Amino acid sequence: MTNNNLDKLQQLLEQATAQPQLQDGLTGEAAKLNEAWTAFVHLVEAAEPAGEPEILRWSMPQSTVTAASRPHRLTLSATAMLAASLLIGIVVAWSYLAGQSDKSSQQPVAIDRQVKPLEKHTATQVAKSQEVNNPKEVASVASRNATTTPKWDDSWDEQVSNMGKDVLYAQHELYAGPDAAGSLQYGIEQMQQEMTGNNL
Amino acid sequence: MAEKRQNCDEELFATWVRAHGRAVRGFLLAMVRRPEVADDLSQEVFCRAWKARARYREEGNARAYLLRIADRVACDHGRRRRPQVNLTDEGWHVHEPADPACEPTGAVVIAEHIEQLTAALDQLSPAQRRVLLLRYYGQMSFAEIAETIECPLNTALSHCRRGLEAMRKLLLEKVS
């Protein structure tokens, strides 16, 4: 189809299928095609319901994110992040403490393995028996023994005893005058005063 | 800012539904021939248009834009359509109880017209049908129709001419 024919056909069809108010003076093939077009339009219009179609009651999708729901989502996400970070912290702390306790529980086993070749002697006995022959080895064994043998943690006892000493010193300072030797001397002076005053 | 834009989108969309909802539904009804399917597909057309609203640029012919989507939706529906079993009248009334406000005679008349339209459209090939319906409902130029149905302009014109000739033949048969 040449361009000229194409243009003619396009013009013909545009006239035949134009809006009714734009159709004037159609003749020949254009008029025939327009009759067919008009019949088609009548059929289509008759098939449409007269009332308001369902589509006019269309509403927005409910899943659409609105501005009002945004703060709520932010609060939820912040709470979730806080909970997740707390959980991670607890897990890290737990694993760290578990590692510490594993180390302390594994150390005596390691010492036992080292001590086994020495056959039925404790590290201290070995140190005592070999002290003269090999002082370096004895020192190392003794130091290992000292570091690895579980000790009673008596720092609390030391604190209590120190506190008791402090209380005693404080009492002493309280009862002692500036020129007195102590509470004993103060008591002796009191007794002497009572005796000389015939208070007894 | 976002809320303002949202409101603008909603206003534009409400305008589209009011102005072009009937055309979209009519086009789909003529394509699929079943009112309930046409209603569903109309919803789908507007859902797709809403989702793609960020890509839409106002170029003057929103109806053509919506009809293009409707044409695509109708073609998709035709491709994925499975054999459908019609309900009996009793079963139909269970699922779709009659609307007391609806006049039975009006419904019967419309059903008759739909049958006539269906019979007329059956005389056309699918391509002729699409061209005539897009021309009527979309008020598109033939160049736009050719672009929508993805064919050269002269092919679209030929479909239109042959479709109108088939309609005229049907009209003459009816008169005689």
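Below is a summary of the structure that appears in this document. Since this is a predicted model, take the numbers as computed values, not measurements. (Residues numbered from 1 in each chain as written. Chains lettered and ligands numbered in written order. Predicted model: local features only at pLDDT ≥ 70, side-chain atom pairs only at ≥ 80, totals over all residues.)

## Quick word on the overall build of chain A
Phase 1 of the analysis: A count of helices and strands for chain A gives seven helices and zero strands.
Phase 2 of the analysis: When the helices and strands of chain A are placed in sequence order, the string is α-α-α-α-α-α-α.
Phase 3 of the analysis: Relative to its full complement of 200 residues, chain A shows a buried share of 8%.
Phase 4 of the analysis: Partitioning the intrachain contacts of chain A with sequence separation of at least 6 by distance along the chain shows that 11% fall at a separation of at least 24. (Helix = DSSP H or I, 4+ residues; strand = E, 2+ residues; numbered from the N terminus. Buried ≥ 20, exposed ≤ 12 C-beta atoms within 10 Å, placed from the backbone. Contact = placed C-beta atoms within 7 Å.)

## Quick notes on helix α2 (residues 35-51) of chain B
Residue and element names in this part refer to chain B.
Phase 1 of the analysis: The terminal C-alpha atoms of α2 lie 24 Å apart, and with 17 residues this matches the ideal 24 Å at 1.5 Å per residue to within 8%.
Phase 2 of the analysis: For α2, the full list of buried residues reads Ala-38, Leu-41, Ser-42, Val-45, Phe-46 and Ala-49. Considered in projection along α2, the buried side chains sweep an arc of 140° and stay on one side of the axis. Away from its buried face by more than 90 degrees, α2 exposes Glu-36 and Lys-51. (Expected span 1.5 Å × (residues − 1). Arc of directions from axis to C-beta.)

## What to know about the interface of chain A and chain B
Phase 1 of the analysis: The interface is formed by 29 residues belonging to chain A together with 39 residues belonging to chain B.
Phase 2 of the analysis: The leading source of residues in the side of chain A that touches chain B is helix α2 (residues 28-47) of chain A, at twelve residues.
Phase 3 of the analysis: Partitioned by chemical class, the residues of the side of chain A that touches chain B number 23 nonpolar, two polar and four charged. (Nonpolar A, V, L, I, M, F, W, Y, C, P; charged D, E, K, R; others polar.)

## Things to note about helix α3 (residues 62-80) of chain B
Phase 1 of the analysis: Its 19 residues place the ends of α3 of chain B 27 Å apart at the C-alpha level, agreeing with the 27 Å of an ideal helix rising 1.5 Å per residue.
Phase 2 of the analysis: All buried positions along α3 of chain B are accounted for by Ala-64, Tyr-65, Leu-66, Leu-67, Arg-68, Ala-70, Asp-71, Val-73 and Ala-74 of chain B.

## Focus: the packing of helix α6 (residues 126-138) of chain B against helix α8 (residues 153-175) of chain B
All names here are of chain B.
Phase 1 of the analysis: Relative orientation of the contacting elements α6 and α8 amounts to 95°, with a least axis distance of 8 Å. Taken as axis vectors, α6 and α8 run roughly perpendicular relative to one another. Listed contacts from α8 to Ala-127, Gln-128, Val-131, Leu-132 and Arg-135 of α6 are Ala-156, His-159, Cys-160, Arg-162, Gly-163 and Ala-166. (Axes fitted to C-alpha atoms, helices over the stretch in contact; angles between N-to-C directions. Parallel < 35°, antiparallel > 145°, perpendicular 65-115°, else oblique.)

## Section: the nonpolar core
Residue and element names in this part refer to chain B.
Phase 1 of the analysis: Judged by nonpolar contacts, the single largest core of 52 residues is most densely connected at Phe-27, Leu-28 and Ala-70.
Phase 2 of the analysis: Tallying contributions element by element places helix α1 (residues 2-32) first for this core, with nine residues.
Phase 3 of the analysis: Ignoring sequence-local partners within four residues, the contact set of Phe-27 consists of Leu-67, Ala-70, Leu-133 and Tyr-137. (Core = buried A, V, L, I, M, F, W, Y, C linked by C-beta atoms within 7 Å.)

## Some thoughts on the environment of Val-44 of chain A
Phase 1 of the analysis: Here Val-44 of chain A lies in helix α2.
Phase 2 of the analysis: Residues contacting Val-44 of chain A, with those up to four places away along its chain left out, are Gly-26, Ala-30, Leu-117 and Tyr-136 of chain B.

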